[in-house]
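So you can see what is in the structure, the chains are spelled out below.
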Amino acid sequence: MTTLSGDNPSACLARIIDDLAEHGWSLQPLFIPPTLTLDLAEECHRRAAAGALVPASVGRGTLVVVSEGVRGDRIQWLETGQDAACDQYLTIMDGLRQALNQGLYLGLEDFESHFALYPPGAFYLKHLDRFRDNDRRTVSVVLYLNQDWQAEQGGALRLYLVDGETFDVLPQAGSLLVFLSAQMPHEVLPATRERLSLTGWFRRRGDGLF
Ligand code: OGA
Ligand code: MN
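Treat the numbers as computed from the prediction; the structure is a model and nothing was measured.

Undergrad: Could you give an account of the site of ligand 1, with specific residues and numbers?
TA: Near ligand 1 lie 14 residues; those nearest to it are His-127, Asp-129, Tyr-144, His-186 and Arg-195. Contact distances for ligand 1 include 3.2 Å between an oxygen atom and a side-chain N or O atom of His-127. Note that an oxygen atom of ligand 1 is positioned 3.3 Å from one of the side-chain N or O atoms of Ser-197. About the coverage of ligand 1: the protein hides 98% of its 290 Å² of free accessible area. Those elements that place two or more of their residues in the shell around ligand 1 are strand 7 (124-127), strand 8 (137-144), strand 12 (186-188) and strand 13 (195-204). For the shell around ligand 1, the class distribution of residues is seven nonpolar, four polar and three charged.

Undergrad: Residues and numbers for the side chain of Ser-26, please.
TA: Looking at where Ser-26 falls in the secondary structure, it is placed in strand 1 (residues 25-28). Within the structure, Ser-26 has its side chain in polar contact with the side chain of Gln-28 (distance 3.0 Å). Apart from residues no more than four positions distant in its own chain, Ser-26 is found in contact with Arg-15, Ile-16, Asp-19, Leu-20, Leu-176, Leu-177 and Val-178.

Undergrad: For the packing of helix 2 (residues 34-49) against helix 3 (residues 84-104), give the residues involved together with the corresponding values.
TA: Relative orientation of the contacting elements helix 2 and helix 3 amounts to 125°, with a least axis distance of 9 Å. Judged on the interaxial angle alone, helix 3 and helix 2 are oblique. Both helix 2 and helix 3 take part in a crossing whose hand is left-handed. Listed contacts from helix 3 to Leu-36, Asp-39, Leu-40, Glu-43 and Arg-47 of helix 2 are Ala-85, Cys-86, Gln-88, Tyr-89 and Ile-92.

Undergrad: How would you explain the state of the cysteines if you had to name every residue and give the values?
TA: In this structure the tally under the stated criterion is zero disulfides. Not part of a disulfide, Cys-44 finds its nearest cysteine sulfur in Cys-86, a span of 8.9 Å.

Undergrad: Describe the pattern of salt bridges, with residues and values.
TA: Inspection of every chain in the model, using the stated rule, returns twelve salt bridges. In this structure, the salt-bridge partner of Asp-73 is Arg-71, at a minimum N-O distance of 2.8 Å. In this structure Arg-71 comes out as buried when scored by relative accessible area, which is 9%. Here Glu-112 makes a salt bridge to Arg-203, at a shortest N to O gap of 3.0 Å. You can see Glu-112 sitting in strand 6 (residues 108-118) and its partner Arg-203 sitting in strand 13, a full 91 residues away along the chain. As far as the burial class goes, Glu-112 and Arg-203 line up, both buried. Through salt bridges with shared partners, a single network forms among Glu-109, Asp-110, Glu-112, Arg-136, Arg-137, Arg-203 and Arg-205.

Undergrad: Explain helix 3 to me, using residue names and the numbers behind them.
TA: Counted at 1.5 Å a residue, the expected span for helix 3 with its 21 residues is 30 Å, and the 30 Å between its end C-alpha atoms agrees. Buried residues of helix 3: Ala-85, Cys-86, Tyr-89, Leu-90, Ile-92, Met-93, Gly-95, Leu-96, Arg-97, Ala-99, Leu-100 and Asn-101, and no others. Turning to helix 3, the residues buried within the fold contact helix 1 (9-23), helix 2, strand 6, strand 8, strand 11 (176-180) and strand 13. Where helix 3 starts, the residue carrying a side-chain oxygen 3.2 Å from the main-chain nitrogen of Ala-85 turns out to be Asp-83. Just downstream of helix 3 lies Tyr-105, where phi reads positive at about 55°.

Undergrad: Quick one: what's the story with helix 2, residue by residue and with numbers?
TA: Between its first and last C-alpha atoms helix 2 spans 23 Å; for 16 residues at 1.5 Å apiece the expected length is 22 Å, and the two agree. Restricting attention to buried positions, one finds in helix 2 the residues Leu-36, Thr-37, Leu-40, Ala-41, Glu-43, Cys-44 and Arg-47. The arc enclosing the buried residues of helix 2, seen along the axis, measures out at 160°, which places them on a common side. Exposed side chains of helix 2 directed beyond 90 degrees from the buried face belong to Thr-35 and Ala-49. Where helix 2 is buried, its residues touch strand 5 (74-77), helix 3, strand 6, strand 8 and strand 13. Just past helix 2, the residue Gly-51 takes up positive phi, approximately 75°.

Criteria and cut-off values
Residues numbered from 1 in each chain as written. Chains lettered and ligands numbered in written order. Predicted model: local features only at pLDDT ≥ 70, side-chain atom pairs only at ≥ 80, totals over all residues. Heavy atoms only, no water. Near = heavy atom within 4 Å. Polar contact = N/O pair within 3.5 Å; in protein donor to acceptor, adjacent residues only side chain to side chain. Areas by Shrake-Rupley, 256 points an atom, 1.4 Å probe, with all protein chains shown as cover. Helix = DSSP H or I, 4+ residues; strand = E, 2+ residues; numbered from the N terminus. Nonpolar A, V, L, I, M, F, W, Y, C, P; charged D, E, K, R; others polar. Contact = heavy atoms within 4.5 Å. Axes fitted to C-alpha atoms, helices over the stretch in contact; angles between N-to-C directions. Parallel < 35°, antiparallel > 145°, perpendicular 65-115°, else oblique. Left-handed = near helix turned anticlockwise from the far one by under 90°. Disulfide = S-S within 2.5 Å. Salt bridge = Lys/Arg side-chain N within 4 Å of Asp/Glu carboxyl O. Buried < 20%, exposed > 50% of the residue type's maximum accessible area, 1.4 Å probe, protein only. Expected span 1.5 Å × (residues − 1). Arc of directions from axis to C-beta.

This is the structure we're talking about:
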């Protein structure tokens, strides 16, 4: 795969598979080529300026509510064929999906993803990425799009690890965080600057109910 950055893309995929099997999460600091990260950030800003990002909702089905007390980001779901950079990102993610299926037999069938923009001060309280009434979301992936992020600007994604420790991931451009959706509680801490990401989920086949 030529679209992944780094000297050895298949070694990067192998590291993600090993990390997930061993710890339930993996952080790859330079997963996406820097030019693609820049293009994706630009596309996110374009959509924000066009008013296409809308307040994210919480819950599912009859319980969907917009709740700024829980999460303050604005989002737009990706679709193929809208933008070259987004299509390239989706192609890379499909390569990751296939690698996860080969390495971990997860039976991941599809991928859903949205841009997310957190204005300064916005946060997302501690949560799991799995809906109570639907367990299709299996692996979460977050790609960060923010150049030159400094720790003192806040905005970390705080992962709650199985051993009771926490690990803070800075939303640095090009970093990809991958984790098992059902097992890793996490939260987004408020930042002093705008924070962009592409958040997505690999999903298993549904049971026909949804
Ligand atoms: C989410 C989420 C994390 C982030 O959208 O479910 O946890 O760092 N996002 O943007
Ligand atoms: Mn989440």
